Amino acid sequence: GESVGLHLPTLSVQEGDNSIINCAYSNSASDYFIWYKQESGKGPQFIIDIRSNMDKRQGQRVTVLLNKTVKHLSLQIAATQPGDSAVYFCAEFPWSGGSNYKLTFGKGTLLTVNP
Amino acid sequence: DVKVTQSSRYLVKRTGEKVFLECVQDMDHENMFWYRQDPGLGLRLIYFSYDVKMKEKGDIPEGYSVSREKKERFSLILESASTNQTSMYLCASRYRERNTGELFFGEGSRLTVL
């Protein structure tokens, strides 16, 4: 089956630095990817998504990059703030008739922002 | 704002007990989901529901059942709780449109089975 994985389980950065969180996926048929943020004691919260016909998408202080050639996804956070400290999950949303409702989540990366 | 409410934040149950986890959403979403979250394993899908009275197994349905009698409510049932079901349980909902993966999650229910 499909798998979505992360290169690093933890990432520690200084406040104000840029953060890059990586994610690898194995299913070349995957066509839609999402990043979620989960703060301590809360449920995951949608950050940004990207479709496979794009290689970059920007939000407020966040950018997602998609490299389909190497099946790699990354989330870049500009000027990281203490409030960005959380676990970040990538998720894969395959465009297939029977399972287009079913997200596959990666295992998560813990981002710690040091003041 | 969308609100997904899970009835219990923390529960402690004994092995063999029947456990009900309730989830209510207020945005008229068709799809609802139950995940469990364990350290190092991420989020794994237990069951989901397309719409009222509809359900489908996820990746790890063994030991669980669900009920969706009303659109806003999706219940997860552990018929006979076991210690390996100690976990964080997350409910989520979303609009049925095919091309969005945005799920709205509740705060989670942390279940401990002794």
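Residues numbered from 1 in each chain as written. Chains lettered and ligands numbered in written order. Predicted model: local features only at pLDDT ≥ 70, side-chain atom pairs only at ≥ 80, totals over all residues. Heavy atoms only, no water.

1. Considering the overall build of chain A
- Secondary structure summary: chain A contains zero helices and 11 strands in total.
- In chain A, the order of α-helices and β-strands from amino to carboxyl end is β-β-β-β-β-β-β-β-β-β-β.
- Residue burial in chain A is summarised as follows: out of 115 residues, 45% are buried.
- When contacts within chain A are restricted to residue pairs at least 6 apart in sequence, those whose partners lie at least 24 apart make up 54%.
- Carbon and sulfur atoms provide 48% of the accessible area of chain A, an area that totals close to 5,500 Å². (Helix = DSSP H or I, 4+ residues; strand = E, 2+ residues; numbered from the N terminus. Buried < 20%, exposed > 50% of the residue type's maximum accessible area, 1.4 Å probe, protein only. Contact = heavy atoms within 4.5 Å. Areas by Shrake-Rupley, 256 points an atom, 1.4 Å probe, with all protein chains shown as cover.)

2. Topic: the interface of chain A and chain B
- Every contact between the two is made by 23 residues of chain A and, on the other side, 25 residues of chain B.
- Interface area, chain A with chain B, both sides summed: about 2,000 Å², of which 54% is carbon and sulfur.
- Run the count over chain A and chain B and you get zero salt bridges.
- Taken together, the links from chain A to chain B amount to three residue pairs in polar contact (both at pLDDT 80 or more).
- Looking at the side of chain A that touches chain B, the elements with two or more residues in it are β4 (30–38), β5 (45–51) and β9 (86–94) of chain A.
- Per-element accounting of the side of chain A that touches chain B gives the leading share, four residues, to β4(A). (Buried area = accessible area lost by both parts, 1.4 Å probe. Salt bridge = Lys/Arg side-chain N within 4 Å of Asp/Glu carboxyl O. Polar contact = N/O pair within 3.5 Å; in protein donor to acceptor, adjacent residues only side chain to side chain.)

3. Overview of the pattern of salt bridges
- If you walk through the whole model with that rule in mind, you get nine salt bridges over all chains.
- A salt bridge links A:Arg57 to A:Asp49, with the shortest nitrogen-to-oxygen separation between them at 2.2 Å.
- Assessed through its relative accessible area of 35%, A:Arg57 is described here as partly exposed.
- Residue classification places A:Asp49 among the buried residues on the basis of a relative accessible area of 10%.
- In this structure, B:Lys53 and B:Glu69 form a salt bridge, with 2.5 Å as the shortest nitrogen-oxygen distance.

4. Examining the pairing of strand β9 (residues 87–94) of chain B
All names here are of chain B.
- Most of β9 sits out of view: eight of its eight residues are buried.
- Neither face of β9 is left uncovered, since the one carrying Ser87, Tyr89, Cys91 and Ser93 and the one carrying Met88, Leu90, Ala92 and Arg94 both have all their residues buried.
- By the bridge criterion, three bridges tie β9 to strand β11 (residues 109–113) in an arrangement that is antiparallel. For Tyr89, the partnering residue across the bridge sits in β11 and is Ser109.
- Bridge analysis of β9 against strand β10 (residues 104–105) gives two bridges, and the strand direction is antiparallel. When the sheet's bridge partners are listed, Ser93 is paired in β10 with Phe104. (Pairing = 2+ DSSP bridges.)

5. Section: the state of the cysteines
- Using the criterion set out here, one finds two disulfides over all chains in the structure.
- The disulfide partner of A:Cys23 is A:Cys90, and the gap between their sulfur atoms is 1.9 Å. Across the disulfide from A:Cys23 to A:Cys90, rotation about the S-S bond amounts to roughly 55°, and the bridge is consequently right-handed. Taken as a pair, A:Cys23 in strand β3 (residues 19–25) and A:Cys90 in strand β9 lie far apart in primary sequence, 67 residues in all.
- Here A:Cys23 falls in the buried class, since its relative accessible area comes to 1%.
- Here B:Cys23 pairs with B:Cys91 through a disulfide, and the sulfurs are 1.9 Å apart. With the S-S dihedral at roughly -80°, the linkage between B:Cys23 and B:Cys91 falls on the left-handed side. You can see B:Cys23 sitting in strand β3 (residues 19–25) and its partner B:Cys91 sitting in strand β9, a full 68 residues away along the chain.
- Note on B:Cys23: relative accessible area 0%, which makes it buried. (Disulfide = S-S within 2.5 Å.)

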